[in-house]
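# Summary of the model geometry
So you can see what is in the structure, the chains are spelled out below.
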Amino acid sequence: MEPEVVEQPQAPKLEPELPNGMEKVQVRELERRSKLNVEELNRIEDEDVLDKMLDRTTDFEERRLIRNAMRELRQRKRDQREKERDQRLQEMRSQATAGRAGHATETTTTQSTQSADGSARSTVTKTERLVQSSDGTKTSRTTTMESSFVKRSDDGNSTFVQTKSSYSSSSKKTGSIFDREDESVSRQSSLAALERRQAEKKKELMKAQSLPKTSASQARKAMMEKLQKEGGSSPNPAVARTAVQRSSSFGVPNANSIKQMLLDWCRAKTRGYEHVDIQNFSSSWSDGMAFCALVHNFFPEAFDYSQLTPQNRRHNFEVAFSSAEKHADCPQLLDVEDMVRMREPDWKCVYTYIQEFYRCLVQKGLVKTKKS
């Protein structure tokens, strides 16, 4: 008879305790997330892949790791481009040094013309530099043309335009006089073409300078006709002339003056705020403190400005944009992620947002204008 095999009872397997009653699915999810480490992210060389990973994940730690990897990848690419550029510059310097042996001559000629009334003056300077190798087998010629045009208008303002163009040519020593004559003819034709382009630019500039005078005279004439229609013909010509002169003194501001006026307004409203020094519409707004100071000046109860720091840029942008939208009905035209990603924001975007914020304040009656 075969002996009976008695099965020993096996001890039950103890399941590891899960913290806070977590399910197995959550544990596996945590194990999967822990596999995403810095080394794997640094091995990814495609920024689009990191961008897609950032869109898919919702975990804060993973998003932080992916953003760090994207910044390091961009820095590596920038370093690589700078290294390649330095190598190319070094090669170009070495080639220029190798072919610079010999002697060089340089000639400069200046031609200046002035209009009959003395309001416009143009100057053309031509510089020719000839470098010949020591053995005489190779010559290099560089010609630089500089032209400047100054025009003074009737109101005393002056317009200054300067252009610069250069071209170079190198040739071996030729044994025939006919070859040298052909080279001189081609060089003269290229110089003539360059001078012709300069003359065309000068003509276009003079034409552009004459346009504002015509439009201004037409505007004055239209203003005079409008005043006569509204108030009738005045028996005293001095009164009509005075009214027309007062209206013509108030010109329509151009884009640059509006931009400067808005910049001065922002500087005045944020004067006295810590960590704020508005000098432009780009770098002065990079840490978000200027946005917060501008919003806090009109809505001091919205948030505590003393708790803000320039280092916490993301928080500053979120506080400023959300408070402006809540209290001033100003739409969030700027994206917080874009503002954090850029070291210096685009001045056009910041300028557009400040214009919209100013318009919302005017609608709410918090800013007084000449019309209101």
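Numbers given for residues are sequential positions, taken from 1 along each chain in its written order. For this predicted model, a pLDDT threshold of at least 70 governs which residues receive local features, and a threshold of 80 or more governs which side-chain atom pairs are given and counted, while totals over whole chains, interfaces and linings are taken from all residues. Working from all heavy atoms in the structure, the side-chain values ignore hydrogens and water.

## Description of the environment of threonine 270
Rule in force here: Counting from the N terminus, the helices are DSSP H or I runs at least four residues long and the strands are E runs at least two residues long. Summary of the burial criterion: residues with accessible area below 20% of their type's maximum are buried, those above 50% are exposed, and those between are partly exposed, where the area comes from a 1.4 Å probe applied to protein chains only. Contacts were defined at the residue level, with two residues in contact if any of their heavy atoms lie within 4.5 Å.
Structurally, threonine 270 is set in the loop between helix H7 (255-269) and helix H8 (289-298). Residue class for threonine 270 comes out buried when judged on its relative accessible area of 4%. In this structure the C-alpha to C-alpha distance between threonine 270 and alanine 293, which are 23 residues apart in sequence, comes to 5.7 Å. Beyond its immediate sequence surroundings of up to four residues, threonine 270 is in contact with Val276, Ile278, Ala290, Ala293 and Leu294.

## Thoughts on the pattern of salt bridges
As a reminder of what qualifies: Salt-bridge detection follows one rule: a side-chain nitrogen of Lys or Arg within 4 Å of a carboxyl oxygen of Asp or Glu.
Throughout the structure, instances matching the rule amount to ten salt bridges. Ionic pairing is found between glutamate 61 and arginine 64, a salt bridge with its closest N-O pair at 2.3 Å. With glutamate 61 and arginine 64 both in helix H4 (residues 60-98) and three residues apart, the pair spans about one turn of that helix. Glutamate 61 gets classed as partly exposed once you look at its relative accessible area, which sits at 37%. In this structure arginine 64 comes out as partly exposed when scored by relative accessible area, which is 36%. Residue aspartate 329 is joined to lysine 364 by a salt bridge in which the shortest nitrogen-to-oxygen separation is 3.4 Å. Here aspartate 329, found in the loop between helix H9 (313-328) and helix H10 (336-341), pairs with lysine 364, found in the segment after helix H11 (347-363); they are 35 residues apart in sequence, far enough to count as distant. In this structure lysine 364 comes out as partly exposed when scored by relative accessible area, which is 40%. Because the salt bridges share partners, they merge into one network encompassing Arg67, Arg314 and Glu337.

## Here's the deal with the confidence of the model for the protein
Test applied: A score from 0 to 100, pLDDT tells how confident the predictor is in each residue.
Considering every residue of the protein, the mean pLDDT works out to 75; 63% of them sit at 70 or more. Summarising per-element confidence for the protein, the mean pLDDT is lowest in helix H6 (residues 237-249) (41) and highest in H8 (96). This stretch, residues 211-215, has a pLDDT under 50; its non-local contacts, to residues over four places away or in other chains, come to one contact.

## Quick notes on the packing of H8 against H11
Put simply, the rule reads: Comment: axis = line fitted to C-alpha atoms, over the contacting stretch for helices; angle = value between 0 and 180 degrees taken between N-to-C directions. Our angle categories are set so that under 35 degrees counts as roughly parallel, over 145 as roughly antiparallel, 65 to 115 as roughly perpendicular, and the remainder as oblique. Each residue gets one label: Ala, Val, Leu, Ile, Met, Phe, Trp, Tyr, Cys and Pro are nonpolar, Asp, Glu, Lys and Arg are charged, and the others, such as Gly, are polar.
At a closest axis distance of 12 Å, the pairing of H8 and H11 adopts a crossing angle of 5°. The pairing of H8 with H11 is recorded here as roughly parallel in orientation. Of the residues in H11, those in contact with Phe291, Leu294, Val295 and Phe298 of H8 are Val350, Tyr353, Ile354, Phe357 and Leu361. Its residues assigned to classes, the contact of H8 with H11 comprises nine nonpolar, no polar and no charged.

## Comments concerning a positive patch on the surface
Quick reminder of the rule: Excluding any residue in a salt bridge, patches collect residues exceeding 30% relative accessible area, merging like charges within 9 Å and nonpolar Val, Leu, Ile, Met, Phe, Trp and Tyr side chains within 5 Å. Throughout, the Shrake-Rupley method with a 1.4 Å probe supplies accessible areas, and for residues the shown protein chains are the sole cover considered. In summary, the charge assignment counts Lys and Arg as positive and Asp and Glu as negative, without counting His or the chain termini. Note that the charge is assigned to NZ on lysines, CZ on arginines, CG on aspartates and CD on glutamates.
Side chains of Lys77, Arg78, Arg81 and Arg343 sit close together on the surface and give a patch of like positive charge. By the element assignment, lysine 77 lies in helix H4. Judged by its relative accessible area of 33%, lysine 77 falls in the partly exposed class.

## Overview of unusual backbone geometry
A positive phi angle is found at histidine 275, which is not glycine, with a value near 65°. Classification of histidine 275 by relative accessible area gives partly exposed; the value is 45%. At aspartate 329, a position not held by glycine, the phi torsion is positive, near 60°.

## Brief notes about empty space enclosed by the protein
Picture a little ball the size of a water molecule; that probe, rolled over the atoms, points out where space is still empty. Defined as follows: Cavity means a closed set of points on a 1 Å grid over the protein atoms alone, one where a 1.4 Å probe fits but cannot get out, pocket means an open set with protein on both sides within 12 Å along at least 5 of 7 lines, and lining means a residue has an atom within 4 Å of a point. Grid points are joined across faces, edges and corners, and a volume is the space filled by probe spheres set on the points.
By the definition in use, this model includes one cavity of 30 Å³ or more. The computed volume of the largest cavity comes to approximately 40 Å³. Lining the largest cavity, in full, are Phe291, Leu294, Val295, Ala320, Phe321, Tyr353, Ile354 and Phe357. Breaking the lining of the largest cavity down by element, the ones donating at least two residues are H8, H9 and H11. Residues belonging to the lining of the largest cavity are distributed by class as follows: eight nonpolar, no polar and no charged.

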